[in-house]
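The lines below spell out each chain.
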Amino acid sequence: MLERELLDAALAALANIYRAEGVTFQRPEAEATGEALLRGGLVPAQQPQCSDDAAIRALLLASPHPAAQALLAAQHLIPWDTNPVGDVVPEELKVYTVSTLMGPEGPIYAPNLRCGLYYQRPGSYYPLHDHDADETYVILAGDTLWTAGDDRREREIGEMIHHPSHMPHAFGTQGGVLAMWRWSGDVNLESYRFLPDPALASA
Ligand SMILES: [Fe+2]
């Protein structure tokens, strides 16, 4: 397949997930994200290989999620290491790599939305944080012990997890986890902050 077709197939697979979220939960922002992904704007060019490339591929290969194989086929076209809030994350907490697919700064332009992919390394914990934006994560591959407010439990592949504005959230994983994320509402980056985390205090 041409690289354009590989990338479009991956974006269409992600758009399908957002379309389902929009219908199931009556979230127009989810449907708008799906439409923006299908409009395109992401150049189908080989991207620099991220240091987690092999681990991401292994998780996708083993995942039963409907979008996993399309993402695996387009992995070399995904712009990893493009975390919009990377500047405010201390080095010791960078247990992840993030891809930004959409936002006010692009690469797919959307003034009031951000979305992308998130990979977190095996045996790691990303502590409590919050932000102004509403957020939805969808688990695409791997395992996770997820904290969303007072709700802390393991999540399965395919689950959608919604964080309303300023709900504290944190993620643990044993074997690594791959997810997609979306911000809506007030998508400013300045409000992103880490919070006191009882899980760290008791560690
Ligand atoms: Fe978040």
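Just so it is clear, the structure is predicted and the values come from calculations on it, not from any experiment.

S.K.: How would you explain the pairing of strand β5 (residues 134-142) if you had to name every residue and give the values?
M.R.: Note on strand geometry: in a regular strand, side chains alternate between the two faces of the sheet. Across the 9 residues that make up β5, a large majority, 7, are buried. Both β5 and strand β10 (residues 177-184) contribute to a ladder of 8 bridges, which runs antiparallel. Note that in β10 the partner of I139 across the bridge is A179. In terms of strand pairing, β5 meets strand β8 (residues 160-163) through 4 bridges, oriented antiparallel. Across the sheet, residue E135 finds its bridge partner in β8, namely H163.

S.K.: Give me the packing of helix α1 (residues 3-25) against helix α2 (residues 28-39): which residues, what numbers.
M.R.: Where α1 contacts α2, the two axes come as close as 7 Å, and the packing angle between them is 160 degrees. The angle between the axes of α1 and α2 places the two elements in the roughly antiparallel class. In terms of crossing hand, the pair formed by α1 and α2 is left-handed. Residues L11, A12, L14, A15, Y18, R19, E21, G22 and V23 of α1 form the contact with α2, whose participating residues are A30, E31, T33, G34, L37 and L38.

S.K.: Talk me through the nonpolar core; I want residue IDs and the actual numbers.
M.R.: L37, W80, M102, L117, L140, L178 and M180 are the most contacted members of the largest nonpolar core, which totals 37 residues. Every element with two or more residues in this core is listed here: α1, α2, α3 (53-62), α4 (68-73), β1 (96-103), β3 (114-120), β5 and β10. Of all hydrophobic cores here, the second largest spans 22 residues; its members include V85, I139, A179 and V187.

S.K.: Quick rundown of α2? Include the residues and the values.
M.R.: For α2, built from 12 residues, the straight-helix expectation of 16 Å at 1.5 Å per residue is met to within 8% by its first-to-last C-alpha distance of 16 Å. Of the residues making up α2, those classed as buried are A30, T33, G34, A36 and L37. Across the axial projection of α2, the buried residues extend over an arc of 165 degrees, all falling on one side. Facing away from the buried side of α2, by more than 90 degrees, are the exposed residues P28 and R39. In the core, the buried residues of α2 are packed alongside α1, β1, β2 (108-109), β3 and β10. Looking one or two residues beyond α2, the residue adopting positive phi is G40, at roughly 85 degrees.

S.K.: Before we move on, could you go through the side chain of R114 and cite the residues and values that matter?
M.R.: Within the secondary structure, R114 is located in strand β3. By relative accessible area, which is 4% here, R114 ends up buried. At 2.8 Å, the side chain of R114 and the side chain of E105 are in polar contact. Non-local contacts of R114, meaning those with residues more than four positions away in its chain, are made with P84, M102, G103, P104, E105, W181, R182, W183, V187 and L189.

Quick notes on the rules
Residues numbered from 1 in each chain as written. Predicted model: local features only at pLDDT ≥ 70, side-chain atom pairs only at ≥ 80, totals over all residues. Heavy atoms only, no water. Buried < 20%, exposed > 50% of the residue type's maximum accessible area, 1.4 Å probe, protein only. Helix = DSSP H or I, 4+ residues; strand = E, 2+ residues; numbered from the N terminus. Pairing = 2+ DSSP bridges. Axes fitted to C-alpha atoms, helices over the stretch in contact; angles between N-to-C directions. Parallel < 35°, antiparallel > 145°, perpendicular 65-115°, else oblique. Left-handed = near helix turned anticlockwise from the far one by under 90°. Contact = heavy atoms within 4.5 Å. Core = buried A, V, L, I, M, F, W, Y, C linked by side-chain atoms within 4.5 Å. Expected span 1.5 Å × (residues − 1). Arc of directions from axis to C-beta. Polar contact = N/O pair within 3.5 Å; in protein donor to acceptor, adjacent residues only side chain to side chain.

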